[in-house]
Amino acid sequence: MAAVIGFLKRLNAAFINPPVVPKVSENGTPLKTGILGAANIAPIALIYPAKSHPDVEVYAVAARDITRAEQFAKKHGINKWFGGQNGYQQLLDDPDIDAVYNALPNGLHYEWTMKALAAGKHVLLEKPSGNTAEEARRMFELANRKNLVLLEAFHYRFHPVIQRVKEIIDSGELGSMKEMQFVLGWPKGFVSDGNIRLNYSLGGGALMDAGCYTLSCARYLASNDPTAIVDAKTLRYPKDPRIDTATSADLLFPPSTPGGEPVKVSMKCDMMVPPRFGIIPRPEGVTVHIVCEQGDVHLFNYTMPVIYHYITVTPHGGKKRTEKVYSFPPTSSVKGEAWWSTYRYQLEAFVDRVRGRAPQTWVTGEDSIQNMLWIEKIYEEIGLGSRPQSSFQLFADD
Ligand SMILES: NC(=O)C1=CN([C@@H]2O[C@H](COP(=O)(O)OP(=O)(O)OC[C@H]3O[C@@H](n4cnc5c(N)ncnc54)[C@H](OP(=O)(O)O)[C@@H]3O)[C@@H](O)[C@H]2O)C=CC1
Ligand SMILES: O=C1OC[C@@H](O)[C@H](O)[C@H]1O
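Because the structure is predicted, anything quoted here is derived from the model rather than measured.

Visitor: Lay out the overall build of the protein in plain terms, naming residues and giving numbers.
Guide: Counting its regular elements, the protein contains 11 helices and 14 strands. Taken against the 2.2 N^0.38 rule, which gives 21 Å for 398 residues, the C-alpha radius of gyration of the protein at 21 Å falls within 12% of a compact globule. The principal-axis extent of the C-alpha atoms belonging to the protein is close to 60 × 50 × 45 Å. A separation of at least 24 residues holds for 68% of the contacts in the protein among residues at least 6 apart in sequence. Counting only carbon and sulfur atoms, one obtains 52% of the accessible surface of the protein, whose full area is about 17200 Å². For the protein, the distance from the average site of its 43 positive side-chain charges to the average site of its 42 negative ones is 6 Å.

Visitor: Please set out the pairing of strand β4 (residues 99-102) residue by residue, giving values where relevant.
Guide: Burial of the side chains of β4 extends over both faces: Ala99 and Tyr101 are buried on one face and Val100 and Asn102 on the other. The pairing of strand β1 (residues 31-36) with β4 spans four bridges and is classified as parallel. Within β4, the position partnered with Gly34 by the bridge is Val100. Across four bridges, β4 lies against strand β5 (residues 122-125) in parallel orientation. Looking at the pairing, Asn102 lines up with Leu125 of β5.

Visitor: Any details on the site of ligand 2? Residues and values, ideally.
Guide: Surveying the vicinity of ligand 2 reveals the residues Lys127, Trp186, Phe190, Arg197, Asp209 and Tyr213. Between Arg197 and ligand 2, the recorded distance is 3.0 Å, taken from a side-chain N or O atom to an oxygen atom. Protein coverage of the free-state accessible area of ligand 2, which is 270 Å², stands at 79%. A per-class count over the shell around ligand 2 returns three nonpolar, no polar and three charged.

Visitor: Account for the site of ligand 1, naming residues and giving values.
Guide: Close to ligand 1 lie 24 residues; Arg64, Tyr88, Asn106, Arg197 and Tyr343 are nearest. One of the side-chain nitrogen or oxygen atoms of Tyr88 is found 2.5 Å away from an oxygen atom of ligand 1. Residue Tyr343 places a side-chain N or O atom 2.6 Å away from an oxygen atom belonging to ligand 1. Protein contacts shield 84% of the accessible area of ligand 1, which totals 890 Å² for the unbound molecule. If one sorts the elements of the shell around ligand 1 by residue count, helix α5 (residues 106-118) sits on top with three residues. Broken down by class, the residue content of the shell around ligand 1 amounts to 13 nonpolar, five polar and six charged.

Visitor: Which residues make up unusual backbone geometry, and what values do they have?
Guide: The step from Lys127 to Pro128 runs through a cis peptide bond, and the omega angle for that step is -15°. One non-glycine residue with positive phi stands out, namely Asn301, at about 75°. Structurally, Asn301 is set in the loop between β12 (295-300) and β13 (310-315). Positive phi values are uncommon outside glycine, yet Ser333 reaches one of about 65°. Checked against the element boundaries, Ser333 lands in the loop between β14 (321-323) and α10 (342-354). Relative accessible area serves as the criterion here: at 68%, Ser333 is assigned to the exposed category.

Visitor: Break down helix α6 (residues 133-145) for me, with residues and values.
Guide: With 13 residues, α6 should reach 18 Å at 1.5 Å per residue; the first-to-last C-alpha distance of 18 Å fits that figure. Within the span of α6, buried status applies to Ala133, Glu135, Ala136, Met139, Phe140, Leu142 and Ala143. Among the structural elements, α5, β5, β6 (150-152) and α11 (365-381) are those in contact with the buried residues of α6. Trailing α6 by a residue or two, Asn147 shows a phi angle of about 55°, which is positive.

Visitor: Would you mind going over the nonpolar core in detail, with residue names and values included?
Guide: Core analysis: the biggest nonpolar cluster contains 126 residues, and Ile35, Leu221, Ile290 and Tyr302 have the highest contact counts within it. For this core, the element with the highest residue contribution is helix α9 (residues 211-222), accounting for eight residues.

Visitor: Which residues make up the sheet that holds β6, and what values go with them?
Guide: Pairing within the open sheet is parallel, and its six strands lie in the order β3-β2-β1-β4-β5-β6. Both edges of this open sheet fall to β3 (80-83) and β6, since each of them pairs with a single strand only. Neighbouring strand axes in the sheet, compared pairwise and without regard to direction, differ in orientation by 20° on average. Contacting β1, β2 (56-63) and β3, helix α3 (residues 66-75) runs over the sheet at an angle of about 160° to β3.

Parameters and conventions
- Residues numbered from 1 in each chain as written.
- Chains lettered and ligands numbered in written order.
- Predicted model: local features only at pLDDT ≥ 70, side-chain atom pairs only at ≥ 80, totals over all residues.
- Heavy atoms only, no water.
- Helix = DSSP H or I, 4+ residues; strand = E, 2+ residues; numbered from the N terminus.
- Rg over C-alpha atoms; globule rule 2.2 N^0.38 Å.
- Contact = heavy atoms within 4.5 Å.
- Areas by Shrake-Rupley, 256 points an atom, 1.4 Å probe, with all protein chains shown as cover.
- Lys, Arg positive; Asp, Glu negative; His and termini not counted.
- Charge placed at Lys NZ, Arg CZ, Asp CG, Glu CD.
- Buried < 20%, exposed > 50% of the residue type's maximum accessible area, 1.4 Å probe, protein only.
- Pairing = 2+ DSSP bridges.
- Near = heavy atom within 4 Å.
- Polar contact = N/O pair within 3.5 Å; in protein donor to acceptor, adjacent residues only side chain to side chain.
- Nonpolar A, V, L, I, M, F, W, Y, C, P; charged D, E, K, R; others polar.
- Expected span 1.5 Å × (residues − 1).
- Core = buried A, V, L, I, M, F, W, Y, C linked by side-chain atoms within 4.5 Å.
- Axes fitted to C-alpha atoms, helices over the stretch in contact; angles between N-to-C directions.

Structure below.
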């Protein structure tokens, strides 16, 4: 019963009725953020988390259609909106805005992040950072040059549960790593014709959408980049064969301990998992499984752990234990509540960085660039090729 009540409380506070705190910024005014695109993800990734952050105000939204912008703004209590052909640029030109949340389709991440940085705004950028590693490299280079914060929104990395899994592996309690398996999928019907995920020029594809998490998580837990792609397979979207609706890849990573064997990693992502018996919707899974020399670690739900998750640790010949990690230990002085979503933890870190404080953890620009690079390599391997690089030029000599 207590578990059910805990689940409902977390669900409610994270995604339905987030607690609202007064805005009391040490800097005088809270960080004013503007959203590019009235995107589906914006409420759970920024608007709800901002309600419980004392130093963030969701100040404006821009949409291609002014009516849509206005409706979205009114629905979410946002006082300012921009719309029409110049709506996005008008938001960037607003001198009161400090930071921008770029929730546009992947293929537009580069153009609008470059424009936002050029306008002097910090950027919280949706994953994957762009269509190519070159786009990512240019964005982080500009952010560095302008001394602005740019973060690829790999929200799962900010939650204590994935950090706990890494801690277990890195502690050596189970010996060196042998294999890791990552699965992420959405039930068929979630992504249908017309969705940005099925649009090639907008950076669609399962590997871009769900696969970028599996790859990021593998690289994070391995503390390394892959050394080789052993095999990769894909299912193509019949209406546009340049789009993968599901992709799986077997990779090799360097040994986790000196002199050890390479770590074998398999990752699988699917945007259209067929229903069980043809009718029961079935997510492919949201799991991480790690096989070490002396035992296994399994994490269920690494992308939405606030709702529910568990880690099981099974030492060979030992007793299986289960851990749940909704917040950092009270002794650690790291901020957080059991109801904080990955996005709320992420916002805390983003604001800390913008305000010149050290965030609890971070996804570096180099990490984001490498993730894109390996996405491109896997696309090459399966014969689909990279998503098209943006033709946008910030400077004429770009
Ligand atoms: N962190 C996470 O958990 C998640 C991240 N994402 C990422 O967020 C981004 C947006 O995803 P999601 O919110 O699901 O997508 P949506 O389709 O809901 O939103 C995309 C927004 O992009 C704008 N847009 C601008 N140009 C175009 C165009 N040519 N075609 C379609 N839309 C356009 C639209 O804004 P307008 O209002 O101006 O019309 C729309 O609101 C993606 O990069 C995705 O990978 C998505 C889901 C979860
Ligand atoms: O980032 C994401 O996470 C949640 C999914 O629903 C979505 O497709 C994806 O873009």
